[in-house]
Amino acid sequence: MEPSNNELTEPTRRDFLRKLGLVVGSSAAFTLVSGVKLNQAFAYEMTPNSAHRKGKTFTQSQMATLAKIARTVLPKTDTPSAEDVDCHGFIDHQLAVCYNKHDRRLAIEIVDDIESAAINAFSTSFAQLIDSQRHELLTKLERLDGFNHDQKSKFQLIKHLIVFGFFTSEVGATQALRYLPVPGGFTGSIPYKKGDKAWGSHAFY
Amino acid sequence: MNDKMYIEQTDTVFDAIVVGSGITGGWAAKEFCERGLNTLMIERGRVVKHREDYPGEGKGPWEFPNRSKVDNLLVEQDFHQQKKCYAFHDSTKHFFGNDRELPYSTKEGTDFTWIRANQLGGKSLLWHRQSYRLCEDDFLANKRDGVGNDWPIRYDDLKDEYSYVEKFVGISGQAEGLVNLPDSEFLPPFEMTSPEKMFKRFVDKNYTERHVIMGRCAHLTKPTQLHIEQGRVQCQARNECQKGCSFGAYFSTQSSTLPAAAKTNNLHIAPNSVVHSLIYDDKTNKVLGVKVIDNDNLTTREYFAKVVFLCASTLGSTQIMLNSKSKKFPNGIANSSGVLGHYLMDHNYNASADGRVEGYEDEFYQGRRPTGCYIPNFRYKPSLYGEGFKRGYAFGMGAYRTDWRGKGGSDGIGADYKSKLTEPGEWRLGLYAQGEMLPRFENQVALHPTKTDKWGIPQLDINCQWSDNEKLMMEDAAQVGADMLRKAGVLDVKSRTTYDHNAPGLAIHEVGTARMGRDPKDSILNGFNQTHDIDNLFVSDGAAFCSSAVVNPSLTFMAMTVRAVKYCVNEMNNKRI
Ligand SMILES: Cc1cc2nc3c(=O)[nH]c(=O)nc-3n(C[C@H](O)[C@H](O)[C@H](O)COP(=O)(O)OP(=O)(O)OC[C@H]3O[C@@H](n4cnc5c(N)ncnc54)[C@H](O)[C@@H]3O)c2cc1C
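Quantities reported herein were computed from a predicted structural model and do not represent experimental measurements. (Residues numbered from 1 in each chain as written. Chains lettered and ligands numbered in written order. Predicted model: local features only at pLDDT ≥ 70, side-chain atom pairs only at ≥ 80, totals over all residues. Heavy atoms only, no water.)

Trainee: Help me understand the confidence of the model for chain B, please; the structure alone is not making it clear to me.
Mentor: Interpreting fine coordinate detail is not advised for predicted regions of low pLDDT. Residue and element names in this part refer to chain B. For chain B, per-residue confidence averages 97 on the pLDDT scale, and 99% of positions sit at 70 or higher. No element of chain B has a lower mean pLDDT than helix α2 (residues 72-78), at 93, and none a higher one than strand β19 (residues 537-539), at 99. Here the complex is predicted with pTM 0.95, and the ipTM for its interfaces comes to 0.95. (pLDDT = per-residue confidence, 0-100. Helix = DSSP H or I, 4+ residues; strand = E, 2+ residues; numbered from the N terminus.)

Trainee: Got a minute to help me understand the site of the ligand in this structure?
Mentor: All names here are of chain B. Around the ligand, a shell composed of 38 residues is seen, among which Thr 24, Glu 43, His 128, Val 275 and Ser 554 lie nearest. Within the backbone of His 128, one N or O atom sits 2.8 Å away from a nitrogen atom of the ligand. Within the backbone of Arg 129, a nitrogen or oxygen atom sits 3.3 Å from an oxygen atom of the ligand. Protein contacts shield 96% of the accessible area of the ligand, which totals 1000 Å² for the unbound molecule. Listing elements by their share of the shell around the ligand, those giving two or more residues are α1 (23-34), β8 (273-281) and α11 (554-573). Each residue belonging to the shell around the ligand can be placed in one class, and the counts come to 17 nonpolar, 16 polar and 5 charged. (Near = heavy atom within 4 Å. Polar contact = N/O pair within 3.5 Å; in protein donor to acceptor, adjacent residues only side chain to side chain. Areas by Shrake-Rupley, 256 points an atom, 1.4 Å probe, with all protein chains shown as cover. Nonpolar A, V, L, I, M, F, W, Y, C, P; charged D, E, K, R; others polar.)

Trainee: Would you mind going over the pattern of salt bridges with me for this structure?
Mentor: Where charged atoms of side chains with opposite charge meet at close range, the side chains can pair. Tallying each qualifying case throughout the model produces 49 salt bridges over all chains. Its salt-bridge partner being Lys 306 of chain B, residue Asp 15 of chain B comes within 3.0 Å of it at the nearest N-O pair. Pair noted here: Asp 15 of chain B is in strand β1 (residues 13-19) and Lys 306 of chain B is in strand β10 (residues 300-310), with a separation of 291 residues, a long-range link. In this structure, the salt-bridge partner of Asp 519 of chain B is Lys 521 of chain B, at a minimum N-O distance of 3.9 Å. The network of salt bridges with shared partners includes Lys 68, Arg 71, Glu 83, Asp 131 and Arg 134 of chain A. (Salt bridge = Lys/Arg side-chain N within 4 Å of Asp/Glu carboxyl O.)

Trainee: Please explain the sheet that holds strand β3 (residues 105-106) of chain B as it appears in this structure.
Mentor: The strands making up a sheet are joined through hydrogen bonds of the backbone, oriented either antiparallel or parallel. Residue and element names in this part refer to chain B. If you trace the 3 strands from one edge of the open sheet to the other, you get β3-β17-β16, paired in mixed fashion. Bordering the open sheet on either side are β3 and β16 (444-452), each of which pairs with just one other strand. Examined bridge by bridge, β3 and strand β17 (residues 458-463) share 2 bridges and lie parallel to one another. Along β17, the bridge assignment pairs Ser 105 with Asp 461. (Pairing = 2+ DSSP bridges.)

Trainee: What's the story with the confidence of the model for chain A in this structure? I'm lost.
Mentor: Taken over all residues, the pLDDT of chain A has a mean of 88, while the share at 70 or more is 81%. Considering only residues more than four positions removed or in separate chains, one finds that residues 1-6 of chain A, a stretch of pLDDT under 50, has 13 contacts. (Contact = heavy atoms within 4.5 Å.)

Trainee: Sorry, what's going on with the packing of aromatic side chains here?
Mentor: In this description, an aromatic ring pair is defined by two values, namely the gap between the centres and the angle between the planes. Evaluated as defined, the whole model comprises 33 aromatic pairs over all chains. A ring pair is formed by Phe 32 of chain B and Phe 309 of chain B, whose centres lie 5.0 Å apart and whose planes are at 90°; its orientation type is edge-to-face. Of this pair, Phe 32 of chain B sits in helix α1 while Phe 309 of chain B is found in strand β10, placing the two residues 277 residues apart along the sequence. Take Phe 32 of chain B: its relative accessible area is 0%, and that puts it in the buried class. Taken together, a centroid distance of 5.4 Å and an interplanar angle of 80° make the contact between Phe 88 of chain B and Phe 96 of chain B edge-to-face. Of the two residues, Phe 88 of chain B and Phe 96 of chain B, both sit in the buried class. The rings of Phe 90, Phe 164, Phe 166, Phe 167 and Tyr 205 of chain A together with Trp 404 of chain B are connected pair by pair, giving a single aromatic cluster. One residue, Lys 159 of chain A, lies across the ring of Tyr 417 of chain B, its end atom 4.1 Å from the ring centre. Directly above the ring of Tyr 192 of chain A sits Arg 401 of chain B, whose terminal nitrogen or CZ lies 4.6 Å from the centroid. (Phe/Tyr/Trp six-rings, centres within 6.5 Å; stacked < 30°, edge-to-face > 60°. Buried < 20%, exposed > 50% of the residue type's maximum accessible area, 1.4 Å probe, protein only. Lys NZ or Arg CZ within 6 Å of the ring centre and 35° of its normal.)

As structure tokens, this is what we get:
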């Protein structure tokens, strides 16, 4: 079974899942639910150019803005930026399949608000700003300087997704953090000095 | 294990039928098989093979389609109850029951979260492995308080079986010599972190009845020959157990009891066989076998045996009994007392307190410990009960350093923020209450008069609520917990109760509904889990409990089951069954 088109609209997904649910046979249902078919149908795949394409939640220009928001929040340091690991593509996907309409609306609104704020302040789109201007704008948003509480909480929704998307990406989990999939045992105390990384390997996220 | 073990149609009259393949059924089958009885294990769900069928195991979060979160429409459609369980994730969801296929109802104004795992292995794949013995006071509690009925057994009746199952399962923990939490047969305990040790020193010094100990869990910290023979190896501290563990490092049916039972060649398994009801012969007053509906194609078949053990989980077993109606037993088989379905209990996990710890910034931990620490019930007898409520509670306890997972909403933009997120944050230490729930006649399951599931089996209609006793107990726990933390030097302590929005069921320790007792007029089972009314019918899962106690119950299901099988085989050998 395949979804009837590539659009990840809610009715399409609903219909697809309903049909999945009707599949007779417990082992068939297991294969479907445990991932295989569902993955193929709706999987998020990292794409190099998602900032230049219409997304599942966002328009093409919103995607471009979101990519730069991601990069401003978590820029390139000794590890790649959130934009480099396609956090914007991930967020676009995650909002479509794991969040509800209301959250999607809030996310779209704040991306639009940030874009308008860039145009108001610098007469150019957020994506065209230089890094320091973007940093300044988002810092003001968090300090409620020219932005209200409502906007800040919408921004936190996006920011939460950027952070989650980055540290659950392969780069984020294994390079920005220490990744130990099979620890081999538990040690209650090991020395720690400032700068040592936290564990990127968790049982559940 | 060979595929000939799995059967569908057969005329064989088995020595024993075991309904269910979870923690209880796995033990019953192993014990029957090892005593030479030709045994049929009947399981409503599909076969889950050890190692082969753990699709979520050992993957990085980036390997999941939604980074390990579950598709929201799938949740809405199939898992609206199961999603409330903390262990429900993309990597584990295939081991949870499907709420659309397994509907149940609750009485208006009440709620009950029924978490299910309907496949070979049952909830043994999903459990948190916490394993504690009941203590003498637990078995005396009903009698002392005049609440519920007196347990027909005492601690000494189960002592040897506890030891026997513990050696086989492998329980990690530390011997403490406490009256309120008898020691098990232990493998080495896991280590505590430094803030946990600090808290332990404080509590041990300042309270006579309270002790901080390492959690006891069914993990092989140091496998013995007995475990190696089962094909199991040492725990790797991944703490991803609910995805399935190919190391076999935690106890599950798949890792432990099933291979042991299969080795005897006496084990047969009928998967995808939903037991509809028991076949009862009123002339001989015996159960002849079970009527089964095929999980997939809904056809009907029957299986026969000399004795039947119901191990289909507390509510699963009771549902089968309620649905087994005859002229002699119009309200459910072996229900001459009328208490079948009554006295449903769960545990009450609805108070917690936590705060910040300073002073251990130069320490961290390595590995993911699959257990926390524990404060055994310190209100275990009437003289120690709190103000206005009976019975007591234990605390789960643990310390950890925060990380990026809690900081997505915190302020900061740019390189400094990113670098802050890559480091561990402050230490936090918390206490999580685990309270006893009183047995009350009103807390009950019955068959719904009209609603059925897709197999044509009447749905369970559940009527279960917290009483004031449970609420007052949680208020006490929140306050006592916060007080202990503050006195120990924990900072910014906050506490809370959650009984208002968490219905019973969510502790997944449902017990009662076919209780044991000495008097056939007010109980279903005798002290050997045999129904008073029919001598070849046994129920050895949590349904048999007279009171919930505070400890995680599954270890006791195992011990009770071993004792019941031993008794049953002896009765068969002596031609009394
Ligand atoms: C996330 C989680 C954490 C837990 N943590 C702990 C813990 O730390 N310590 C602890 O002691 N307990 C814990 N539990 C509870 C523990 O899992 C159960 O107490 C235990 O598994 C019960 O064993 P059982 O064999 O009686 O039932 P189950 O394990 O539920 O097995 C019952 C089996 O019977 C089958 N069945 C049901 N109805 C029928 C039917 N009509 N026909 C045929 N087959 C049927 C089911 O499909 C299932 O396979 C936890 C549970 C969960 C889900």
